[in-house]
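Below are the chains, spelled out letter by letter.
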Amino acid sequence: MSRPPRQSPAREAVARLPSRARSLALVPSRRSIAAGVAAALVAVLAFAVARETSVFAVRTVEVRGVDPKLARQVEAVLEPLRGVSLLKVHGDQVARLATSLPSVAGVTYDRAFPNTLRVVVEAEEPAAVVRHGAGAWLVSRRGRLLGRIAQRTHRRLPRIWLAGALGVPVGATLAPGAGAEEVALIDALRGAALSRQVRSVRQVDGQWTYLLRGGLQLRV
């Protein structure tokens, strides 16, 4: 008779569990917990003291991204932030002050400790000249009125002729039916070669029409 095949003995694995004393050693002691809490309290207290004192008060405002003339204007409107702690300066506050200037579209800022506020400005981009009667105003591609200008200046920009009075102050945005649609049509061509050929935008027989410099009318 043949013998049954011999089976190899099963292997055994032994896992050692950490001893109770070793497990307890991994748990922070009361002394280390107390030290951590104390350090956190000191950090919070130091932040509160620095926030309320003049240690990090704004003494210098650096404006970048625009020409020197506009940079000086931005520095002037940000004057109320001088003396305020950098830790108390907020983005909405910086934006509200800077965009009070019609030529400023938006800003970003950075705190350069200990005493410098750095502001990067995005200027409004002129898109057209709005005309009504003898008046002429520069308007941005977002429809914001940038200011009154002399006639026959900014000749490369398209003209928007309004039938009625302007109706909004400098710094405000043109309303629908009062130039907003014309600005949007001009901005739609931004970056295209055709944009340099547009002399004006108006409605002809109830249809929006680009009037090109060569006399051609392009209805859209």
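(A) Representation of the pairing of strand β2 (residues 104-112) within the structure. The sheet contact formed by β2 and strand β3 (residues 116-123) spans 8 bridges and is antiparallel. Across the sheet, D110 pairs through a bridge with R118, a residue of β3. Between β2 and β3, which pair antiparallel in sequence order, lie 3 residues.

(B) Expanded view of the layout of surface pockets. For the largest pocket, the calculated volume is near 280 Å³. As for the largest pocket, its lining consists of 15 residues, of which P126, A127, L157, P158 and S195 are closest to the centre. Looking at the lining of the largest pocket, the elements that each hand over two or more residues are β4 (126-132) and α5 (180-187). Residues of the lining of the largest pocket, tallied by class, amount to 7 nonpolar, 2 polar and 6 charged. There is about 210 Å³ of room inside the second largest pocket. Along the walls of the second largest pocket sit D67, K69, L70, Q73, L101, P102 and S103, which together make up its complete lining.

(C) Structural view of the environment of A123. Structurally, A123 is set in strand β3. Sequence separation between A123 and G65 is 58 residues, and the spatial gap between their C-alpha atoms is 8.1 Å.

(D) The arrangement of the pattern of salt bridges in detail. Counting across every chain of the model gives 8 salt bridges. Here E124 makes a salt bridge to R144, at a shortest N to O gap of 3.6 Å. Of this pair, E124 sits in the loop between β3 and β4 while R144 sits in the loop between β5 (135-140) and β6 (145-148); the two residues are 20 residues apart in sequence, bridging distant segments of the chain. For R144, a relative accessible area of 9% corresponds to the buried category.

(E) Region of interest: α5. Restricting attention to buried positions, one finds in α5 the residues E182, V183, L185 and I186. Projected onto a plane normal to the axis of α5, the buried residues spread over an arc of 160° and lie on a single side. The inward-facing, buried residues of α5 abut β4, β5, β7 (159-161), β8 (198-204) and β9 (207-212).

(F) Up close: the environment of W161. Structurally, W161 can be placed in strand β7. In the structure, W161 is positioned 40 residues away from V201 in sequence and 8.2 Å away in space, judged by C-alpha atoms. Once you skip the residues sitting within four places of it in the chain, W161 turns out to touch R131, S200 and R202.

(G) The sheet that holds β2, seen in detail. Read across the open sheet, the 3 strands follow the order β1-β3-β2; overall the sheet is mixed. Each having just a single partner strand, β1 (60-64) and β2 make up the two edges of the open sheet. If you compare each strand with its neighbour and ignore which way they point, the axes differ by 25° on average. Relative to β1, helix α3 (residues 68-77) is tilted by about 145°, and along the sheet it contacts β1, β2 and β3.

Definitions and limits used
- Think of each chain on its own: its residues are numbered from 1, step by step along the sequence as written.
- Selection of residues for local features in this predicted model requires a pLDDT of at least 70, selection of side-chain atom pairs for listing and counting requires 80 or more, and totals for whole chains, interfaces and linings are taken over all residues.
- In computing side-chain properties, one takes all heavy atoms of the structure into account and sets aside hydrogens as well as water.
- Strand pairing is assigned whenever DSSP identifies at least 2 bridges connecting the two strands.
- A run of H or I in DSSP counts as a helix once it spans at least four residues, and a run of E counts as a strand once it spans at least two, with each numbered from the N terminus.
- A cavity here means a set of 1 Å grid points, computed over protein atoms only, where a 1.4 Å probe fits but cannot escape. A pocket is an open set with protein on both sides within 12 Å along at least 5 of 7 lines, and lining residues have an atom within 4 Å of a point.
- Grid points are joined across faces, edges and corners, and a volume is the space filled by probe spheres set on the points.
- Throughout, the ten residues Ala, Val, Leu, Ile, Met, Phe, Trp, Tyr, Cys and Pro are labelled nonpolar, Asp, Glu, Lys and Arg are labelled charged, and all others, Gly among them, are labelled polar.
- Within this document, salt bridges are pairs made up of a side-chain nitrogen of Lys or Arg and a carboxyl oxygen of Asp or Glu, the two lying within 4 Å of each other.
- Each residue's exposure class comes from its accessible area (1.4 Å probe, protein chains only) as a fraction of the maximum for that residue type: buried when under 20%, exposed when over 50%, partly exposed otherwise.
- The arc refers to the directions leading from the helix axis to the C-beta atoms.
- It only takes one pair of heavy atoms within 4.5 Å for two residues to be counted as in contact.
- Note on method: axes are straight lines fitted to C-alpha atoms, helices fitted across the in-contact stretch only, with angles between N-to-C directions ranging 0 to 180 degrees.

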